[in-house]
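An overview of the molecular structure
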Amino acid sequence: MPRPPKRRTVDALPQHDYFKPPGAPLSGLEEVRLSVDELEALRLKDKEGLNHEACAGRMQVSRPTFHRILASAHRKVAEALTEGKAIRIEGGRFRLRRSYLCSHCGQIVSGDGTGEADVLTCSSCGSEELVRPASGRRRRRRRRGGGSGGRG
Ligand SMILES: [Zn+2]
């Protein structure tokens, strides 16, 4: 029986979501679509150099699942590089890792993805008084004043 795929936890949204060979006209250019969680797998494994277990832990998935995500990402990137295709990064099943604000020193503390602020302490001053930053990154969109996408 198919079960709904679990969401993978990612640290941040990509800063750039489109890559294409220089000079290639957009029309007629083939694209591969890399999901945000696939990019995160590449980042953790290939850029940060974490092992599979650590990567899986960061993304809150099993190791076989992580392996699958990574293999798919490798295949797509290789396809784009060797065949001169553009890469569009979008979509996927993921959620952003929550971050908290230390009300003592103002440090931003990354959550572990489970949303349990009360088990975290500030990495800077050790305080346990962490609050959610008052940024409106919620599921529900406010009807007014939506567009300010400033993060960080
Ligand atoms: Zn602090």
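What you see as residue numbers is a count from 1 along each chain, following the sequence as written. Confidence filtering applies because this is a predicted model: local features only for residues at pLDDT of at least 70, side-chain atom pairs given and counted only at 80 or more, and all residues used for totals across whole chains, interfaces and linings.

As for the sheet that holds strand β4 (residues 86–89)
Note the threshold: Criterion used throughout: strands pair if DSSP finds at least two bridges between them. To qualify as a helix, a DSSP run of H or I must reach at least 4 residues; to qualify as a strand, a run of E must reach at least 2; elements of each kind are numbered from the N terminus. Placing a C-beta atom from the backbone of each residue, one calls two residues in contact when those atoms lie within 7 Å. Every axis in this analysis is a line fitted to C-alpha atoms, fitted for helices over the stretch in contact. Angles between the N-to-C directions lie between 0 and 180 degrees.
One open sheet holds the three strands; their spatial order is β2-β4-β3, and the pairing between them is mixed. The two strands at the open ends of the sheet, each matched to only one other strand, are β2 (18–19) and β3 (31–34). The strands touched by helix α3 (residues 63–83) within the sheet are β3 and β4, with β3 carrying the most contacts at an inclination of about 155°.

Remarks on the nonpolar core
Condition: The term nonpolar core refers to a group of buried residues, namely Ala, Val, Leu, Ile, Met, Phe, Trp, Tyr and Cys, whose C-beta atoms join them within 7 Å. Residues are called buried when their C-beta atom has 20 or more other C-beta atoms within 10 Å, exposed when it has 12 or fewer, and partly exposed otherwise; all C-beta atoms are positioned from the backbone.
A41, C55, M59, F66 and A73 are the most contacted members of the largest nonpolar core, which totals 16 residues. Of all the elements in the fold, those that place two or more residues in this core are α1 (36–47), α2 (52–59) and α3. The element best represented in this core is α3, accounting for five residues. What M59 contacts, discounting residues up to four positions off in sequence, is R8, T9, V10, D37, E40, A41 and F66.

Re the sheet that holds strand β8 (residues 130–131)
With respect to topology, three strands assemble into an open sheet ordered β7-β6-β8, the strand pairing being antiparallel. Where the open sheet ends on each side, the last strands, each with one partner, are β7 (108–110) and β8.

A few points about α1
An α-helix turns once per 3.6 residues; consequently, residues spaced three or four apart project the same way. Buried within α1 we find V36, D37, E38, L39, E40, A41, L44 and K45. Among the structural elements, β1 (8–10), β3, α2, α3, β4 and β5 (94–96) are those in contact with the buried residues of α1. Positioned one or two residues after α1, G49 has a phi angle of 75°, which is positive.

Shape descriptors only; they carry no functional weight alone.
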